[in-house]
Amino acid sequence: MFKTGQLSRAFEIDRTSLNHYVRTGLLNPEMLDNQYHTYSFQDFVALSYIRHYRGLGFSMNEIKALTRQKDNEEKLQYCQNEMRTIDNQIRLLQLKQRFLENFMNLLRFYESYRDHPVLLMTEPYYFIKREALEDPVLKALYKQLPSNEFTAVCDPDFKVTLRPQSAQGLVLKEAWVKEFQLPLPEQAIFYPAEQRCLCAFRVGGTEFEIQLQASLQSLYQTMEEQGVRLQREFVIYLLISKYNQADEYFDVYVDIPLKMLD
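Our subject in this report is the structure included herewith. Keep in mind that what you see is a predicted model, and the values were worked out from it rather than measured. The residue count restarts for each chain, going from 1 along the sequence in the order it is written. Local features are withheld for residues below a pLDDT of 70 in this predicted model, meaning they are given only at 70 or higher, and side-chain atom pairs are given and counted only at 80 or more; totals for whole chains, interfaces and linings count all residues. Calculated side-chain values reflect all of the structure's heavy atoms, with hydrogen atoms and water omitted.

Some details on the nonpolar core
Here's step 1: In terms of nonpolar packing, the biggest core is built from 23 residues, with Leu216, Leu219, Phe234, Ile236, Val252 and Val254 touching the most fellow members.
Here's step 2: Under the scheme used here, helices are H or I runs from DSSP no shorter than 4 residues and strands are E runs no shorter than 2 residues, and both carry numbers assigned from the N terminus. Mapped onto this core, the elements with two or more residues apiece are strand S6 (149-154), strand S10 (195-204), helix H8 (208-225), strand S11 (233-243) and strand S12 (248-257).
Here's step 3: For this core, the element with the most residues is H8, which contributes five residues.
Here's step 4: By the convention used here, residues are in contact when the closest approach between their heavy atoms is within 4.5 Å. With residues near it in sequence (within four places) discarded, Phe234 still touches Phe150, Thr151, Ala152, Cys154, Leu216, Tyr220, Val254, Asp255, Ile256 and Pro257.
Here's step 5: Side-chain atoms within 4.5 Å are what join buried Ala, Val, Leu, Ile, Met, Phe, Trp, Tyr and Cys residues into a set we call a nonpolar core. Buried residues are those whose accessible area, probed at 1.4 Å on protein chains only, stays under 20% of the maximum for their type, while exposed residues exceed 50% and partly exposed ones sit between those limits. Ranked by size, the runner-up nonpolar core spans 17 residues in total, among them Ile128, Val137, Tyr142 and Val177.

As for the environment of Gly55
Here's step 1: As for its position among the elements, Gly55 is in helix H3 (residues 41-55).
Here's step 2: Classification of Gly55 by relative accessible area gives exposed; the value is 66%.

So, the sheet that holds strand S8 (residues 169-173)
Here's step 1: In short, DSSP must find at least two bridges between two strands for them to pair. Pairing is antiparallel across the open sheet formed by three strands, whose spatial order is S8-S5-S9. The outermost strands of the open sheet, each flanked by one partner alone, are S8 and strand S9 (189-191). Averaged over neighbouring strand pairs, the angle between their axes works out to 20° when direction is ignored.
Here's step 2: Inspection of the sheet shows strand S5 (residues 125-129) paired to S8 by five bridges, in the antiparallel sense. Within S8, the residue paired with Tyr126 across the bridge is Leu172.
Here's step 3: Sheet strands in contact with helix H6 (residues 136-144) are S5 and S8, and its direction is about 110° off that of S8. Inter-axis angles, ranging from 0 to 180 degrees, are taken between N-to-C directions of lines fitted to C-alpha atoms, where helices are fitted over the stretch in contact.

Considering the packing of aromatic side chains
Here's step 1: Only Phe, Tyr and Trp rings are paired, with Trp represented by its six-membered ring, and only when their centres lie within 6.5 Å; those with planes under 30 degrees apart are stacked, over 60 edge-to-face, the remainder tilted. On inspection of all chains with the given rule, the structure shows eleven aromatic pairs.
Here's step 2: Relative to Tyr191, the ring of Tyr125 has its centre 4.8 Å away and its plane inclined at 15°; by these criteria the two rings are stacked. Separated by 66 residues along the polypeptide, Tyr125 in strand S5 and Tyr191 in strand S9 bring together distant segments of the chain.
Here's step 3: Aromatic ring contacts, followed pair by pair, group Tyr49, Tyr53 and Phe58 into a single cluster.
Here's step 4: Only Lys NZ and Arg CZ are tested; either one counts as a charge over a ring when it is within 6 Å of the ring centre and within 35 degrees of the ring normal. One residue, Arg232, lies across the ring of Phe158, its end atom 4.3 Å from the ring centre.
Here's step 5: When the ring centre of Tyr220 is taken as reference, the NZ or CZ atom of Arg232 above it lies at 5.3 Å.

A few points about the state of the cysteines
Here's step 1: By convention in this document, the label disulfide applies to cysteine sulfur atom pairs within 2.5 Å. Inspection of the entire model under this criterion finds zero disulfides.
Here's step 2: The thiol of Cys154 is unpaired, and the distance to the nearest cysteine sulfur, on Cys197, comes to 12 Å.
Here's step 3: Look at Cys154 and you get buried, because its relative accessible area is 3%.

Regarding the pairing of S5
Here's step 1: Of the pairings in the sheet, the one linking S5 to S9 comprises three bridges and is antiparallel in character. For Tyr125, the partnering residue across the bridge sits in S9 and is Tyr191.

Some remarks on the pattern of salt bridges
Here's step 1: One speaks of a salt bridge when a side-chain nitrogen belonging to Lys or Arg is within 4 Å of a carboxyl oxygen belonging to Asp or Glu. Across all of its chains, the model carries eight salt bridges by this definition.
Here's step 2: For the salt bridge of Arg91 with Asp135, the shortest nitrogen-to-oxygen distance reads 3.4 Å. Highlighted residues: Arg91 in helix H5 (residues 72-113) and Asp135 in the loop between S5 and H6, separated in sequence by 44 residues. Asp135 matches Arg91 in its accessibility class, with the two residues each being buried.
Here's step 3: We note a salt bridge from Glu233 to Arg163, for which the minimum N-O separation is 3.5 Å. Placement of Glu233 in strand S11 and of Arg163 in strand S7 (residues 160-163) is noted, with a sequence separation of 70 residues between them.
Here's step 4: Taking relative accessible area as the criterion, Glu233 reaches 38% and is therefore assigned partly exposed.
Here's step 5: Here the residues in one salt-bridge network are Arg98, Glu101 and Glu179, joined through shared partners.

A closer look at the side chain of Asp251
Here's step 1: Position of Asp251 among the secondary structure elements: in strand S12.
Here's step 2: Pairs of N or O atoms within 3.5 Å make up the polar contacts considered here, provided that, within protein, one atom can donate a hydrogen while the other can accept it, and that residues adjacent in sequence are counted only when both atoms are side-chain atoms. At a separation of 3.0 Å, a polar atom in the side chain of Asp251 contacts the side chain of Tyr110.
Here's step 3: Ignoring sequence-local partners within four residues, the contact set of Asp251 consists of Tyr110, Phe201, Arg202, Tyr237, Leu238, Leu239 and Ser241.

Have a look at this one:
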């Protein structure tokens, strides 16, 4: 027979958790006259399995089901389901790692090319609209990493109009899709690699739109002087650099396709 303190120390578990397992019927100690619980050898073994199942990631409801099954085939099915869950978690973490690497590259680009436009060959990528996301990993990725990329259009006076709905989806580089063998829905839109103009600048204060307008006008004029004509529809990426009620600064990244010759 084991007292509560002995069981608690043996498994490094607090009394609250032990009492919870008793209330849910996972443990069945004997109540003595002094209102203290004593636990049997069967309770000792049961708790070892409860801790083991918890460590493997099973929920309390799943543990209840597992401890009531005599057939190991059912336990195998639960384990296989948990393996799929872990596989998805690993894929999600690996994809988040790629997004983090991409974000770091974006910050390095800003430091190196701030106010200095460059022509680069972009990587091919896919865009999947939110409603077309079916794979659970991609759904989770979209919920955890909402995009800060928007489609933008500027008029002849370089006044910018953002299209917020353009961010309601997931952008995946083709290299990531191949690396993780990601399932793509038929509605996925493919964007091939192409030469584009990339530039970064900082705008802020109360005249955000005016500064953005002036920065874009300067960019277009600079590229025009170099013999490069740019389209008026592009991708814009906004990053809050400093934010409070009195003082706001945004790092703005623009990715602009070149205008085809007439």
